[in-house]
Amino acid sequence: VWFSMDVVKMILQVKLQMCENQEEKLFVPEEFPFPFTPYSIQKDFMKSLYIALEEGKLGIFESPTGTGKSLSVICGALTWLCHHEERERHTLSSICNSLIDAKNQLNKAGGDDWLNQQTEEVKITQQLKEVQS
């Protein structure tokens, strides 16, 4: 199958963008949604948990009885999850927009080789469906 240089460049740019977006790390927030003003031990706990989740590491946490471990885990983990999902939505949206732009450019380019153009358009459409699902 023959691909025009523009389509090859577009596919490489999308794959590079996917890799770059996966490398973006979330910044640890200074404040977490907590039902009351958290103690410093609870803030430190939530920040450490957030970092462990973001880096995909195993976290082993301990704290004395009555220091709010359960609430700290819930607030820290849910904060990370919300931020992570927002980043993923943004990444997927950006990739979809790049694929749609590439498809539009392919349609505008026209050309004599309509068979290869249709083949390229089908491949871009398949990639777009993969990202959207």
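Structure first, text after, so check above.
Heads up: these notes are all about the structure in this document. (Residues numbered from 1 in each chain as written. Predicted model: local features only at pLDDT ≥ 70, side-chain atom pairs only at ≥ 80, totals over all residues. Heavy atoms only, no water.)

As a further point, take the packing of aromatic side chains. One pass over the full model with this rule turns up three aromatic pairs. Ring geometry for Phe34 against Phe36: centres 5.0 Å apart, planes inclined by 70 degrees, an arrangement best described as edge-to-face. Its relative accessible area of 43% is what places Phe36 among the partly exposed residues. (Phe/Tyr/Trp six-rings, centres within 6.5 Å; stacked < 30°, edge-to-face > 60°. Buried < 20%, exposed > 50% of the residue type's maximum accessible area, 1.4 Å probe, protein only.)

This brings us to a nonpolar patch on the surface. Where nonpolar side chains cluster on the molecular surface, the patch consists of Ile74, Leu78 and Leu81 and spans about 260 Å² of accessible area. Counting through the fold element by element, Leu78 comes out in helix α3 (residues 69-109). (Patch = residues over 30% accessible without salt bridge, like charges linked within 9 Å, V, L, I, M, F, W, Y side chains within 5 Å. Areas by Shrake-Rupley, 256 points an atom, 1.4 Å probe, with all protein chains shown as cover. Salt bridge = Lys/Arg side-chain N within 4 Å of Asp/Glu carboxyl O. Helix = DSSP H or I, 4+ residues; strand = E, 2+ residues; numbered from the N terminus.)

A few words on the side chain of Gln42. For Gln42, the position within the fold is in helix α2 (residues 40-55). Of the polar contacts made by the side chain of Gln42, one reaches the backbone nitrogen of Tyr39; its length is 2.7 Å. The contacts of Gln42, once residues within four sequence positions are left out, are Phe34, Phe36, Thr67, Gly68 and Ser72. (Polar contact = N/O pair within 3.5 Å; in protein donor to acceptor, adjacent residues only side chain to side chain. Contact = heavy atoms within 4.5 Å.)

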